[in-house]
Amino acid sequence: MIEIKNLRKSFDGTVDVLSGLNCNIPDNAIYGLVGANGSGKSTLLRCINSIYKADAGEICVDGKVSYDNEEIKKEMVFIPDDLYFYPGYSLYDTAKFYQSMYEKFDLEFVFDTARKLKLDFNKSVNTFSKGMRRQCAIICALATNVKYIFFDETFDGIDPIVRQYFKKLIAKQMTKQDTTIIMTSHNLRELEDICDNLGLINDKKILFESDVNKLKTDMIKVQISLKTDFSKDTFSGLDILYYKKMGKVATIIMKDNKKSRKYLENLKPVILDYLPLTLEEIFIYQMEALGYAFEEMV
Amino acid sequence: MRLKKWFNFKYLYQNLKKSKSLLIFLLCVIPFINLWMVGVNLLSKNYVIDFYDLSTVTSLIAFLLPLLLAFVLFGFVFKKSTVDFIMSKPITRKQIYGSNILGGIAFIFIIILLNTIGFTLLGWLTDLFIPAGAILDYFIYWLVTYIFVFIASVIGISVAGNIISFLVVVALILFLYPCFTLMDYSLRYENSNNVKLECNDEACLPDEIYCVRNETCLANLENGKYIYDVDQKYDSTLSTPVNYYNEGFANASVIKTIILSIIYLIGGYFIFKHRKMENSEVGFKNKYLYKVIKLLTFIPVTYISYVIYSSDTLLIFLAVIICISYYFIYDLIIKRELTNILKTLLEAILVSAAFMLIYVLVGFIYSINPVTLRVPDEITVEFYNENTNYYPEVVIKDKDLINEIIQKRDEPLYTNITVDLGSGYYVSRQITEEVYKRIMDYADDNNLGDEYTIDNIIHITSSSNQGLVIPNTISTREMIVDYLDSYNESVSLASNVITLYKYEDHELKKLSIDIIDDLELLNYVKNIFNDSFLENFDGYIWGGDPSLGENFGDIIQNNEIQFLQFLREHKYDELTNDVIKFYSGVDMFYINRSVLEEFLVEYGDANEEQSS
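Here the residue numbers are simple positions, counted from 1 along each chain's written sequence. Key to labels: chains lettered from A, ligands numbered from 1, both in the order written. Per-residue local features are limited, in this predicted model, to residues with pLDDT of at least 70; the limit for side-chain atom pairs, both in listing and counting, is 80 or more; totals at the level of whole chains, interfaces and linings are taken over all residues.

A look at the overall build of chain A
Note the cut-off: Put simply, DSSP H or I for four residues or longer makes a helix, DSSP E for two residues or longer makes a strand, and each gets a number counted from the N terminus. Neighbour density around each residue's C-beta defines its exposure: 20 or more other C-beta atoms within 10 Å make it buried, 12 or fewer make it exposed, and counts between make it partly exposed, where C-beta atoms are placed from the backbone.
Assigned secondary structure in chain A consists of 11 helices and 14 strands. Dimensions along the principal axes, computed over C-alpha positions, put chain A at roughly 75 × 45 × 30 Å. Expressed as a percentage of the 298 residues in chain A, the buried residues total 40%.

Comments concerning the overall build of chain B
In terms of regular secondary structure, chain B is built from 23 helices and 15 strands. Every one of the 612 residues in chain B was classed for burial, and the buried ones make up 34%.

Quick notes on the environment of B:Gly123
All names here are of chain B. As a reminder of what qualifies: Here, residues touch in the contact sense if the C-beta positions derived from the backbone fall within 7 Å of one another.
Mapped onto the elements, Gly123 comes out in helix H8 (residues 93-125). Spatially, the C-alpha atoms of Gly123 and Ile108 are 22 Å apart, while their sequence positions differ by 15 residues. Here Gly123 is in contact with Leu128, Phe129 and Ile130, once residues within four sequence places are set aside.

Let's talk about the domain arrangement of chain A
Buried accessible area, meaning the area lost when the parts come together, often serves as the stated size of an interface. Residues and elements named next belong to chain A. Heads up, the rule is: Each domain span listed reflects an automatic or database assignment of domains. Classification used: nonpolar for Ala, Val, Leu, Ile, Met, Phe, Trp, Tyr, Cys and Pro, charged for Asp, Glu, Lys and Arg, polar for all others including Gly.
Examined at the domain level, chain A breaks down into domain 1 (2-203) and domain 2 (215-293). Inter-centroid distance (C-alpha atoms) of domain 1 to domain 2 is 37 Å. Of the residues lining the interface, 4 residues belong to domain 1; the matching set on domain 2 comes to 4 residues. Looking at the side of domain 1 that touches domain 2 residue by residue, the classes come out as 2 nonpolar, no polar and 2 charged.

A short note on the interface of chain B and chain A
Between chain B and chain A, the contact holds 19 residues from the first and 21 residues from the second. For the side of chain B that touches chain A, the secondary structure elements donating two or more residues are helix H2 (9-17) and helix H7 (80-87) of chain B. Considering each element in turn, the side of chain B that touches chain A owes the most residues, 7 residues, to H7(B). Per-class residue counts for the side of chain B that touches chain A are 6 nonpolar, 5 polar and 8 charged.

Points about the sheet that holds strand S12 (residues 240-246) of chain A
Residue and element names in this part refer to chain A. Defined as follows: Any two strands between which DSSP finds at least two bridges are classified as paired. Axis lines are fitted to C-alpha atoms, over the contacting stretch for helices. Their N-to-C directions set the angle, which ranges from 0 to 180 degrees.
The strand order S12-S13-S11-S14 describes an open sheet built from 4 strands, whose pairing is antiparallel. Edge positions in the sheet fall to S12 and strand S14 (271-275), since each has one partner strand and no second. Neighbour-to-neighbour, the strand axes of this sheet turn through a mean angle of 15 degrees, independent of strand direction. In terms of strand pairing, strand S11 (residues 219-225) meets S14 through 5 bridges, oriented antiparallel. Each bridged residue has a counterpart across the sheet, and for Lys221 the counterpart in S14 is Leu275.

Some details on the packing of helix H19 (residues 474-485) of chain B against helix H20 (residues 519-535) of chain B
All names here are of chain B. Note the cut-off: Less than a right angle of anticlockwise turn of the near helix away from the far helix marks a crossing as left-handed, whereas a clockwise turn marks it as right-handed.
In the contact formed by H19 and H20, the axes pass within 10 Å of each other and the chain directions differ by 145 degrees. Crossing hand, H19 versus H20: left-handed. Contact residues: Met479, Ile480 and Tyr483 in H19; Glu520, Leu521 and Tyr524 in H20.

Re the pairing of strand S8 (residues 415-422) of chain B
Two strands pair when backbone bridges link them, and strand S6 (residues 379-383) of chain B and S8(B) are joined in this way by 4 bridges, in the antiparallel orientation. Across the sheet, B:Phe383 pairs through a bridge with B:Ile417, a residue of S8(B).

Considerations on the sheet that holds strand S4 (residues 56-61) of chain A
In spatial order, the strands read S2-S1-S4-S5 (chain A); together these 4 strands make up an open sheet with antiparallel pairing. Among the strands making up the open sheet, the edge pair consists of strand S2 (16-25) and strand S5 (64-65) of chain A.

Focus on the packing of helix H9 (residues 132-159) of chain B against helix H10 (residues 163-190) of chain B
All names here are of chain B. For the record, the criterion: Angles are sorted into four bins: roughly parallel if under 35 degrees, roughly antiparallel if over 145, roughly perpendicular if 65 to 115, and oblique for all others.
Where H9 contacts H10, the axes come no closer than 8 Å and their chain directions differ by 135 degrees. As far as their axial angle goes, H10 and H9 are oblique. Considering how the two elements wind past one another, H9 and H10 form a crossing that is right-handed. Contacts between H9 and H10 involve Val149, Ala152, Ser153, Ile155, Gly156, Ile157 and Val159 from the former and Phe166, Val169, Val170, Ile173 and Leu174 from the latter. The class makeup of the residues in the contact of H9 with H10 is 10 nonpolar, 2 polar and no charged.

What about the environment of A:Ala250?
Residues and elements named next belong to chain A. In this fold, Ala250 is placed in strand S13 (residues 249-255). The exposure class of Ala250 is buried, given the 21 C-beta atoms found within 10 Å. A C-alpha to C-alpha distance of 16 Å links Ala250 and Asn266, two positions 16 residues apart in sequence. Once residues within four sequence positions are removed from consideration, Ala250 is found in contact with Ile224, Tyr243, Lys244 and Lys245.

Brief notes about unusual backbone geometry
Despite not being glycine, A:Asn28 has its phi angle at roughly 50 degrees, a positive value. Mapped onto the elements of the fold, A:Asn28 is located in the loop between S2 and strand S3 (30-34). Assessed through the 14 C-beta atoms surrounding it within 10 Å, A:Asn28 is described here as partly exposed. One non-glycine residue with positive phi stands out, namely B:Asp505, at about 50 degrees.

Details of the pairing of strand S13 (residues 507-514) of chain B
All names here are of chain B. In this structure, strand S12 (residues 497-504) lies alongside S13, joined through 8 bridges in antiparallel fashion. Bridging from a neighbouring strand, Leu500 pairs with Leu511 of S13. The hairpin turn running from S12 into S13, its antiparallel successor, is 2 residues long, and Asp505 in that turn takes a positive phi close to 50 degrees.

Brief notes about the environment of B:Asn8
Residues and elements named next belong to chain B. With respect to the secondary-structure elements, Asn8 resides in the loop between helix H1 (2-6) and H2. For the pair Asn8 and Ser99, spaced 91 residues apart in the sequence, the C-alpha separation amounts to 5.9 Å. Setting aside chain neighbours within four positions, we find Asn8 in contact with Ile91, Gln95 and Ser99.

Considering the confidence of the model for chain B
All names here are of chain B. Convention followed: The pLDDT score gives, residue by residue, the confidence of the prediction method on a 0 to 100 scale.
On average, residues of chain B score 80 in pLDDT, and 80% of them reach the 70 mark or higher. Across residues 236-246, confidence stays below pLDDT 50; counting only partners more than four residues off in sequence or on other chains, it has 20 contacts. Below a pLDDT of 50 lies the segment residues 606-612, which in the model reaches 2 contacts outside its immediate sequence neighbourhood of four places, other chains included. For this predicted complex, the interface score ipTM comes out at 0.86, while the overall pTM is 0.82.

Structure follows, in structure tokens:
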């Protein structure tokens, strides 16, 4: 488990990039970190990976302070947004490099995956397209079989088909190796179908984090129309997060429980549809509930 | 296990492997160029190589190669993507630093060792004589120097955020102290009218002290003591290769460099360990560090401006323009932008003025604080010895002789000498022939010849015979040392000169002596020439002594076979002072005049009979 307490990081000593950031990343989860460009997602990952030293606060991994700790770093691999490969290194050379760094590295996995993705094993990685280079990086990262894998802007440049393939691989990796995967994106939709935990970073800290399934099951979107005229007050008995009426139909997002549903049914509605919420909607409404304009953040 | 805390060899291997082409190129090319440059000396026959000859190429790249190596190993810190790539790997900063330092030192060791082995083989396989001491000195001196520059470069990388700021910091580390020393010397020199040599002893008083009407003489007489002016000389005691050509190999310098390297190594570790890795691609992210570095680099610039201004006050505008321009150019190069031009301009003027004021003040302090030297107990005299045709250094401890040398004279003067008073102070003197002879006698009694012994003569050549190498056997050395015991330095060097070489105090020293007074030695040496002559004889002999007859050349040509047979029979004949030389190309043959005359009588007569 990764525990971050009161993390502060500043680049020039005056303006903080991260300030008082607290975060808990559970084990064996796919944690999505969402935030606008420049919100500090990459900086947070670099701090966790000991690339940057935090100015204040503490990052503990499995109960130990992680900074420059070789034992902890052995269980971490980080794929940044701006990729680098040694000049002239092929995928094979790169894999060998990773193998020399990580004890549990699975070279066969790299061979198999590269073959499936039709990546030339012996060609210099730097001659590959942006998407192919990212594929190489992700393959090497997954092959390390470490406990924590960090992806910054994970699928940047990868086409949708390969993206889906990697999502499956990542999910498989998590179940197979009890791996915790931390992914960042400025695009919430990209993480929606893979993450089971999400954190929203804004204003130098984690604004909101939660279990995605819990979020999804906790809330529900309802479209309702009554025979008589109605307003938001008609639903005062419900825990409403969002209310919008267009014509005779109102859209409501509310806490989902049996009592709420019974309350709505008792109103004898003409239309009553329970609709699934997208992750983006959940975030929008949660943030709005907290007083933030989500669209401005992400 | 403790070793693993500092080194990760897998990482080091990969880090070196990524630049393998460059490193292999350097490993191949540098020793090759080195050997080629030294091997060029093969063209000049029997050239004796010294430390400086070995160091030509190595000194030229003394800054470049370690700097390049530091960049290859640690250069990843200048780019965000490479920082991410390396720093996220399971390796600590301690291991990165330790492994890369070890790799750099190992590479330097290998390249210097390859050069050293190359020189050794070159000495074995060719006619070049390369003293083992010079090779050892080359190895130690350049290994230490390269490692020092490498570690200084690593500090530069740890502090800086991009290549330009890295070069600036490394230049400061390596050159700021020499620059201060140079400035200090320059300021002292400008005000050096106050460096005096105080003569308390009557023996060192000048002749003209009695010339009451001589104003200079009277001006130098202070409270009964006589004051001589001292010509100051820049005394470089720097621990960097900067002073290499000034001081060559000095034990103290090597030890200082090692100590400084260790200090830098430890300091570098702490700087690297606490380096903010986010400071990549930007010169100096810390504004205070940026200012400090800027001010440090500004020191030499302001001093140059000060020197320009001092030379001609009309050039003050040029000095101001240089200072201000630098202030802006520095910002442009390091920050790649100009911010708040008015503030920068004001700052440049104020800082320049402050530095100028410091230089004026320091100069003033030097001018009002005279340095007064006493006549030392030991001096080193450098002079031109017309007999040996070189500049020996004679260390003199004789108080009377020292006073005589220091003293200024009116008498007819014989030659110029430079007197090293120690601590970087020198005086020039013109001495009389009598004093010159006393120095020569002192040298005979205490110095030159005595220093060459059976154990320390490493090479012998005949400078009168195209530097032909004399076999350096124990018996040869014994003969030479016996001769040196009675050798008189003042014997002028004629045509029978041999040169003795020794490698001492990290320097190739040589002594040329004329062996005309020792017939045994002369015979021995001449017979070596004769052997060489017959071995290389190309069938044509020319020259000769006109006193032996006008048809001397014809006689030899007509009887060439008999003549060569004759030479072979007589090649080991003892030679007296009356010897005849024959030439064949550049080779020579020596033979007794009387023996040759016998041959000429026999064959010359036969020739005449034939023609009649």
